[in-house]
Amino acid sequence: MSYGSFPGARPRRLRTTPAMRRMVAETRLHPADLILPAFVREGITQPTPIQAMPGVVQHTMDTLRKAAVEAVEVGVAGIMLFGVPLDEKKDGAGTAGTDPDGILQVAIRAVKQEVGDDLVIMSDLCLDEYTDHGHCGVLDADGRVDNDATLERYAEMAQVQADAGVHVVGPSGMMDGQVGVIRDALDQTGHEDVSILAYTAKYSSAFYGPFREAVGSSLQGDRKTYQQDPANVRESLRELALDLEEGADMVMVKPAGPYLDILAKVAESVAVPVAAYQISGEYAMVEAAAEKGWIDRDRAIMETLTGIKRAGANLILTYWATEVARGL
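Described in the following lines is the structure provided in the data block. Everything quoted here is computed from the prediction, not taken from an experiment.

**As for the overall build of the chain**
Link 1 in the chain: Looking only at helices and strands, one finds 11 helices and 10 strands in the chain.
Link 2 in the chain: Along the first, second and third principal axes, the C-alpha atoms of the chain reach 85 × 45 × 40 Å.
Link 3 in the chain: Relative to its full complement of 328 residues, the chain shows a buried share of 51%.
Link 4 in the chain: Long-range pairs, those at least 24 residues apart, make up 74% of the contacts in the chain between residues at least 6 apart in sequence.
Link 5 in the chain: Accessible surface, the chain: about 15,200 Å² in total, of which carbon and sulfur atoms supply 50%.
Link 6 in the chain: Computed over 31 positive and 48 negative side-chain charges, the inter-centroid distance for the chain is 12 Å.

**Here we look at the pattern of salt bridges**
Link 1 in the chain: Counted by the stated rule, this structure contains 11 salt bridges.
Link 2 in the chain: In this structure, Asp87 and Lys90 form a salt bridge, with 3.7 Å as the shortest nitrogen-oxygen distance.
Link 3 in the chain: Given the relative accessible area of 56%, Asp87 is considered exposed.
Link 4 in the chain: The residue Arg297 makes a salt bridge to Glu323 at a minimum N-O spacing of 2.8 Å. Note that Arg297 is positioned in helix α10 (residues 297-310) and Glu323 in helix α11 (residues 321-327), a separation of 26 residues in sequence.
Link 5 in the chain: The network of salt bridges with common partners includes Glu287, Arg297, Asp298 and Glu323.

**Observations concerning helix α7 (residues 234-246)**
Link 1 in the chain: With 13 residues, α7 extends 19 Å from end C-alpha to end C-alpha; this agrees with the ideal 18 Å at 1.5 Å per step.
Link 2 in the chain: Taken as a whole, α7 has its buried residues at Ser236, Glu239, Leu240 and Asp243. Taken around the axis of α7, the buried residues stretch over an arc of 105 degrees, which confines them to a single face. Within α7, the exposed residues directed more than 90 degrees away from the buried face are Arg234, Arg238 and Glu245.
Link 3 in the chain: At its buried positions, α7 is contacted by α5 (178-188), β7 (195-202), β8 (250-254) and α8 (260-269).
Link 4 in the chain: Phi turns positive one or two residues past the end of α7, at Gly247, with a value near 110 degrees.

**Here we look at unusual backbone geometry**
Link 1 in the chain: Put simply, Lys254 and Pro255 share a cis peptide bond, and its omega is -5 degrees.
Link 2 in the chain: Mapping Pro255 onto the fold places it in the loop between β8 and α8.
Link 3 in the chain: Of note in this structure, Met174 is not a glycine but carries a positive phi near 60 degrees.
Link 4 in the chain: Along the polypeptide, Met174 turns up in the loop between β6 (168-171) and α5.

**Considerations on the nonpolar core**
Link 1 in the chain: Grouped together as the largest cluster of nonpolar side chains are 93 residues, with contacts concentrated most on Ile79, Leu81, Tyr154 and Tyr277.
Link 2 in the chain: Once residues lying within four places of it in the same chain are set aside, the contact partners of Tyr154 are Leu125, Cys126, Leu127, Cys136, Gly173, Met175, Gln178 and Ile182.

About the criteria used
The residue numbering used here restarts from 1 in each chain and proceeds along that chain's sequence as written. Given that this is a predicted model, residues contribute local features only at a pLDDT of at least 70 and side-chain atom pairs are listed and counted only at 80 or more, while totals for whole chains, interfaces and linings are drawn from all residues. Just so you know, side-chain values use all the structure's heavy atoms and leave hydrogens and water out. A run of H or I in DSSP counts as a helix once it spans at least four residues, and a run of E counts as a strand once it spans at least two, with each numbered from the N terminus. Each residue's exposure class comes from its accessible area (1.4 Å probe, protein chains only) as a fraction of the maximum for that residue type: buried when under 20%, exposed when over 50%, partly exposed otherwise. Any pair of residues with heavy atoms lying within 4.5 Å of one another is described as a contacting pair. Each accessible area is a Shrake-Rupley result for a 1.4 Å probe, and residues are judged covered by the shown protein chains and nothing else. Neither His nor the chain ends contribute to the count of charged residues, in which Lys and Arg are positive and Asp and Glu negative. Note that the charge is assigned to NZ on lysines, CZ on arginines, CG on aspartates and CD on glutamates. The rule for a salt bridge is simple: a side-chain nitrogen of Lys or Arg has to be within 4 Å of a carboxyl oxygen of Asp or Glu. By this rule the span expected of a helix is its residue count minus one, scaled by 1.5 Å. Note that the arc is defined by the directions from the helix axis to the C-beta atoms. Residues belong to a common nonpolar core when they are buried Ala, Val, Leu, Ile, Met, Phe, Trp, Tyr or Cys residues joined through side-chain atoms within 4.5 Å.

Put into structure tokens, the structure is as follows:
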């Protein structure tokens, strides 16, 4: 018998049993890491399944309330609300988005009434769900998104969402200066305690496809003039610096999976909470492959979420939030 021969160091010793692997795990998911995105649709009496996102629905107000309660019961941190108005209420300025009785404001009030402060209520602050052209802002005479005119609308949205009782607004339109304008609007209307989760690095991605079904998008064209080019890294860090300077309380990278390198750079650069949004296309790919029997669904879900957490996310927006939290 030979002693002291290679290998003396055996990393496999720490992989021998499930208990051993759990004990030495470097990254751990917790229900408080998770935020549930939820869609609420005006004018329906039953939840409407989203075909491209199996298991996800457009909620009625009643089922949204139930989803919020379930999220609280399993320890999910927050819920990000998206409103889906009636098509006839869409117009060029997205006025349903700033109507105090618009679908999103009604949903915020309903969830607040149901769960109070037991769940962090977040709202999508963007015009795309409410415009007849589907863009995230108002258009100028040449059909381009008018950045500064859009900021005025975002200021109005921030106020009505805060009036409805939201804890956090999530400006997702990628307009220059949006965080500063929204912060000013909130502060000037007595909503200093409402936080801003800045969509700091939001890329123009192919993986948004199922989301457009989820919100009944009317998009004509694309969003490449305001969402970021997937080829760029330094641009994200510039956006990050600007958002922090303008008063962002938290920052986000979206999508999550294809941009883990960006997420890691952002997480290494800041002292504020960092979120990542595991978007509809990421969700749909796992569900579709699992339905075909090509991958183990539960393991794939946990692996993708662990990867996002390992890259530096403090918070993860995922459509599996309640399911995963229950399992944890």
